[in-house]
Amino acid sequence: MFGQSILSLVIWVPILAGVAVLATGSDRNAAIARWVALAGALLGLIVAVPLVTGFDTTTSAMQFVEKAAWIPAFNIHYHLGVDGIAMPLILLNSFVTVLVVIAGWQVIQDKVAQYMAAFLIMSGLINGVFAALDGILFYVFFEGMLIPLYLIVGVWGGPNRVYAAFKFFLYTLLGSLLMLVSMIYLYFQSGGSFDIQTWHATALGMTAQTLMFFAFLLAFGVKVPMWPVHTWLPDAHVEAPTGGSVVLAAITLKVGAYGFLRFILPILPDASHELAWFVITLSLIAVAYIGLVALVQADMKKLIAYSSIAHMGFVTLGFFMFNPLGWEGGLVQMISHGFVSAALFLCIGVMYDRLHSRQIKDYGGLVNKMPVFAAFFMLFAMANAGLPATSGFVGEFMVIMSATQVNFWFAFVAATTLIFGAAYTLWMYKRVVFGNVTNPHVEEMRDVNAREVLLLGVLAVAVLAMGLYPKPFTDVMHVSVVDLLAHVAQSKLP
Amino acid sequence: MSDFLHHFAPALPEIFVLAMVSLILVIDAAVDDSKRYLAYALSLITLAGAAFLTVRDFSTMPVLALGGLFIDDPLSDVLKLFLYLTVAVVLVYSRDYLTERGLYKGEFFVLALFAQLGMMVMVSASHFLTLYLGLELLSLSLYAMVALQRDSSVATEAAMKYFVLGALASGMLLYGMSMVYGVTGSLALGDMAIALQDGTDLHVPLVFGIVFIVAGLAFKLGAVPFHMWVPDVYHGAPTAMTLFIGSAPKIAAFAFVVRILGQGLESQVAEWRDMLVILAVLSMAVGNLAAIAQTNLKRMLAYSTISHMGFMLLGILAGTQNGYGSAMFYVLVYALMSLGSFGMILLLSRAGFESDQLEDFKGLNRRSPWLAFLMLLLMFSMAGVPPTVGFYAKLAVLQAVVEIGYVWLAVAAVLFSLVGAFYYLRIVKLMYFDTPHDTTPITTSPDTRIILSANGLAVLALGILPQPLMAVCVHAISASF
């Protein structure tokens, strides 16, 4: 019955669930709100399952396509579809949403319904971003998700939340608005179409490509975030509640990287080749310099935030190597980072709920009090450092390999992350978990409860599975990547 | 005889409104305060009746009437319907506020309906004379409405400023019209367009006249650098009057500008486009930047109006049917958002207490999550963030501007709207992130609440399905040009 509209379900089920959660009203019904939210998130994940089971990995064409006229006055369509690049991201998002709902179960006591609803609505909008094949539809989802995120950071965030929320919103809006103008320009260049696939085939002069390249780069670069427009991320992360940080790191950053593959590279191939040095430079700065910045952080969330920027530098680096290994490495890195960063932020959340501090210096000797937690934390820290057999290794290794094919020095700089990444992650881990208990409050900390074990356990399985056997992931994306690369290799100059 | 009546038929809604205003004037003078609801009810009936007449005689093509003074085309009919709706909503929102302040008198309704009549004439005018008559009928009613609270020195001052500057603008407009008349030899817009079709030897006087006309129009729209009256009048006037001034007259002003520039002076688009570009950029810049510094919500919204008028001018300056259609969409959407925002201020005000400081919105989410949510929608819509309808309004005008090759103008516009996003976000911040310092329960009458809810939700619903309204605008423009 719903076979033709799986993507619509994936988008609208979480949004409607969010509305249902809102309808439970005030905090007197908080328990109902939590259960409705969990049911909604699970339902959202279930309706996404057919995307995997019904996916055809032998074609790069869009699948599960839905198309209907939406705003005929401007030739805008409600046009959805996924390929091997978008599908895993939708799944990742639906999966993380469930975790986020569970993570906020006890911690959030104030305005529970609004909190849960904001996450569910955002989840639906993000699925929309990955599924949209119409430029304006994409833009609506892309911008629309800022509203719940703005509220999440601003309402449930830390002491400096207002500053962080504004910075986050205005930074990302700046990029998106220039992108909007580019989209309108493309509309006229393509003879009156907002269809992304039509844009892929639209011939464009070099000047137009270059200007639009920078407009799109700003829109997606801010979201990724790339150095030097990354400064909103540490602020937003530090002030956001745990769930907000998880979604920010695991999902919203991927929206930026996804934009590179859906817009910048295929629509502006000539400018992309011409200006690849620019993006590569920024990416390498992110990898090396931000790695060093992460080393000196005293706040754990900030440290992981900077580590995210460095890891996303790998993704953009891989994309601009223009070979299958680089692209697939970048995509694997995106998924892997989604698991690892989500897990690390959840770990920090676990500690923060007990001690109400994110400062590294307030901890120490945690392993004595929380052995189970320390084991989980260890796994995720290792994955963040890129240890083989964890998912963190696969993507980084593929990108470094692909960089070697292009230029040895790219690979050399990129490989420093294996040192810096290990340094900042493991040094933090050592200071937090090992040593003697110096803070008396750490003495009172209890080990993880069943709910937290469930959260971290699921992620641990995902991290290990992807690290040991990444083939299912790369199989899904392989054909799409190869065909898209072939498209990007062709010049579009008139 | 029937031929004579036939001439008047297209103006039936106007005649009906005029007759009803006169009736209300008489009835209201004869009843005491306890029966004031009569005027209220009769005003709503008038609007409903006029709407019925407009729908019944909905025109599919332009019809000239009254010897070429008056035109009845799809554009005017559609705009009139929105005017009835807007004014009716204004009356409902204002009722409680006016009652608490002793302004709930027949004069208010009579003035509002006269203003409505003026706007209808403006919308349907096809001649400089009727355009001017409509404009003055509207303006004089508005001056009086602002001054209605005669004990308030602020309101009186605002009315004075409004009157003096408005009269100056009217003077400029008339001067420009006389120059154009001298060049074309006609006051009728249609004849004017024909006379100018093949160019004219009197180019300099024509441009001179256009400059004055555009300046006069800019005054009425409140576009920079002719915007000085807007913040003072919005701030000084009783909020119910601000609500009125901020909504329906903008729709009429749009029609006014499109009739003169788009229909009468269509061939001179190259001349007036550059003027409008300057007005639009300045309006968006000054409006958005000055709004940041305001602590009074009415003043902030006044500056925001200036920037929105700048955005609407983007659509008009394109000089294409697509552009006029997008500007029309923009102005209707703007009227909807403006109604909601000022309606919210009215609703939160109580006897002896104005709720027009930004501070008054602190922690609204705790006091009333529903009202806070509606305001959230309105603010994001004003900022142009999807999925609210404000986004499509911006999209439409930007598209019109890019179509004529002014990409830089579109870039400038979006950068200023980024600045604008800041102060709209600040309202959301006050409502959601801060704790309230005023915990008095919010009391509202149910009808106001229902209409305000519909108003706020319309912003969201039209954002998800903008096609119907957009189609109406596109059709109205294409069938009337």
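Residues numbered from 1 in each chain as written. Chains lettered and ligands numbered in written order. Predicted model: local features only at pLDDT ≥ 70, side-chain atom pairs only at ≥ 80, totals over all residues.

Next up on the list: the overall build of chain B. From N to C terminus, chain B includes 21 helices and 2 strands. For chain B, the C-alpha radius of gyration of 21 Å lies close to 23 Å, the compact-globule estimate for 481 residues. Overall size of chain B, expressed as C-alpha extent along the three principal axes, is 70 × 55 × 40 Å. Burial statistics for chain B: of 481 residues in total, 58% are counted as buried. (Helix = DSSP H or I, 4+ residues; strand = E, 2+ residues; numbered from the N terminus. Rg over C-alpha atoms; globule rule 2.2 N^0.38 Å. Buried ≥ 20, exposed ≤ 12 C-beta atoms within 10 Å, placed from the backbone.)

So, on to the overall build of chain A. Check the secondary structure of chain A and you find 22 helices and 2 strands. Taking 23 Å as the expected radius of gyration for a compact globule of 494 residues, we find that chain A reaches 21 Å, a close match to that expectation. Along the longest, intermediate and shortest principal axes, the C-alpha atoms of chain A span 70 × 55 × 40 Å. With 494 residues in all, chain A has 62% of them scored as buried. Sequence separation of 24 or more characterises 80% of the internal contacts of chain A that already satisfy a separation of 6 or more. (Contact = placed C-beta atoms within 7 Å.)

In this section: the packing of helix H9 (residues 203-221) of chain B against helix H12 (residues 248-264) of chain B. All names here are of chain B. Their axes nearest at 10 Å, the elements H9 and H12 cross at an angle of 165°. One way to sum up the angle between H9 and H12 is to call them roughly antiparallel. Regarding H9 and H12, the two cross each other, and that crossing is left-handed. Of the residues in H12, those touching H9 at Ile 213, Leu 217, Lys 220 and Leu 221 are Ala 253, Phe 256, Val 257 and Ile 260. Taken together, the residues of the contact of H9 with H12 break down into 7 nonpolar, no polar and 1 charged. (Axes fitted to C-alpha atoms, helices over the stretch in contact; angles between N-to-C directions. Parallel < 35°, antiparallel > 145°, perpendicular 65-115°, else oblique. Left-handed = near helix turned anticlockwise from the far one by under 90°. Nonpolar A, V, L, I, M, F, W, Y, C, P; charged D, E, K, R; others polar.)

A few words now on the nonpolar core. All names here are of chain B. Counting 403 residues, the largest nonpolar core has Val 146 and Met 312 as the members making the most contacts within it. Counting residues per element, this core draws most heavily on helix H15 (residues 321-348), which supplies 19 residues. Leave out the neighbours within four places in its chain, and Met 312 touches Phe 254, Ala 327, Tyr 330, Val 331, Tyr 334 and Val 397. (Core = buried A, V, L, I, M, F, W, Y, C linked by C-beta atoms within 7 Å.)

A word on the packing of helix H17 (residues 369-383) of chain B against helix H19 (residues 407-432) of chain B. Geometrically, a packed helix pair is captured by the angle between its two axes and the distance between the axes. Residue and element names in this part refer to chain B. In the contact formed by H17 and H19, the axes pass within 9 Å of each other and the chain directions differ by 170°. Classified by the angle between their axes, H17 and H19 sit roughly antiparallel to one another. Here Ala 372, Met 375, Leu 376, Met 379, Phe 380, Met 382 and Ala 383 of H17 lie close against H19, whose contacting residues are Gly 420, Ala 421, Tyr 424, Ile 427, Val 428, Met 431 and Tyr 432.

Before going further, it helps to spend a moment on the confidence of the model for chain B. All names here are of chain B. When pLDDT is averaged along chain B, the result is 88, and 99% of the positions lie at 70 or above. The lowest-confidence element of chain B is helix H1 (residues 2-8), averaging 71 in pLDDT; the highest-confidence one is helix H6 (residues 128-146), averaging 92. Across the whole predicted complex the pTM is 0.91, and at the interface the ipTM reaches 0.89. (pLDDT = per-residue confidence, 0-100.)

What follows concerns helix H11 (residues 239-246) of chain B. Among the 8 residues of H11 of chain B, 8 are classified as buried, and the element is accordingly described as predominantly covered. Three or more residues of H11 of chain B are buried, namely Thr 239, Ala 240, Met 241, Thr 242, Leu 243, Phe 244, Ile 245 and Gly 246 of chain B.

Quick look at helix H6 (residues 146-156) of chain A now. Extensive coverage of H6 of chain A is indicated by the burial of 11 of its 11 residues. Listed as buried for H6 of chain A are Leu 146, Ile 147, Pro 148, Leu 149, Tyr 150, Leu 151, Ile 152, Val 153, Gly 154, Val 155 and Trp 156 of chain A.

Attention shifts here to the interface of chain A and chain B. In this complex, chain A contributes 29 residues to the contact, which on the side of chain B involves 25 residues. Sorting the residues of the side of chain A that touches chain B by element identifies strand E1 (63-71), helix H5 (135-144), H6 and helix H7 (161-189) of chain A as the ones contributing at least two each. At 15 residues, H7 of chain A tops the list of elements feeding residues into the side of chain A that touches chain B. Grouping the constituent residues of the side of chain A that touches chain B by class yields 25 nonpolar, 2 polar and 2 charged.

Let us look at the pairing of strand E2 (residues 76-82) of chain A. Every other side chain in a regular strand lies on the same face of the sheet, so the side chains alternate between the two faces. Residues and elements named next belong to chain A. In terms of burial, E2 is a largely internal element, 5 of the 7 residues being buried. For E1 and E2, the ladder comprises 6 bridges, and the chain directions are antiparallel. Across the sheet, the residue bridging to Ala 68 is Tyr 78, located in E2. Following E1, the chain reverses through 4 residues before pairing antiparallel with E2; Asn 75 in that reversal takes a positive phi of roughly 60°. (Pairing = 2+ DSSP bridges.)

Another point: the confidence of the model for chain A. Per-residue confidence for chain A averages 85 on the pLDDT scale, and 99% of its residues sit at or above 70. Element-level mean pLDDT values for chain A span from 75 in helix H20 (residues 440-443) of chain A up to 91 in H5 of chain A.

A word on unusual backbone geometry. Across the junction of Val 224 of chain A and Pro 225 of chain A, the peptide omega takes the value -15°, indicating a cis bond. Among the secondary structure elements, Pro 225 of chain A is positioned in the loop between helix H9 (206-223) and helix H10 (232-239). With an omega of 5°, the peptide bond between Val 224 of chain B and Pro 225 of chain B qualifies as cis. Within the element layout of this structure, Pro 225 of chain B appears in the loop between H9 and helix H10 (229-236). Unusually for a residue other than glycine, Phe 64 of chain A sits at a positive phi of about 55°. Take Phe 64 of chain A: it is sitting in strand E1. Using a count of 22 C-beta atoms within 10 Å as the deciding quantity, one classes Phe 64 of chain A as buried.

Moving on to the environment of Thr 59 of chain A. By secondary structure assignment, the location of Thr 59 of chain A is in the loop between helix H2 (30-53) and E1. Thr 59 of chain A sits in the partly exposed class, given 13 other C-beta atoms within 10 Å.

Moving on to the environment of Pro 387 of chain B. Residues and elements named next belong to chain B. Tracing the sequence through the fold places Pro 387 in the loop between H17 and helix H18 (389-403). For Pro 387, a count of 23 C-beta atoms within 10 Å translates into the label buried. Sequence separation between Pro 387 and Met 145 is 242 residues; the distance between their C-alpha atoms is 36 Å.

Moving on: the environment of Ala 88 of chain B. Residue and element names in this part refer to chain B. Mapped onto the elements of the fold, Ala 88 is located in helix H4 (residues 74-100). Along the chain, Ala 88 and Ser 43 lie 45 residues apart, while their C-alpha atoms are 8.2 Å from each other. Not counting residues within four places of it along the chain, the set of residues in contact with Ala 88 comprises Leu 44 and Leu 47.

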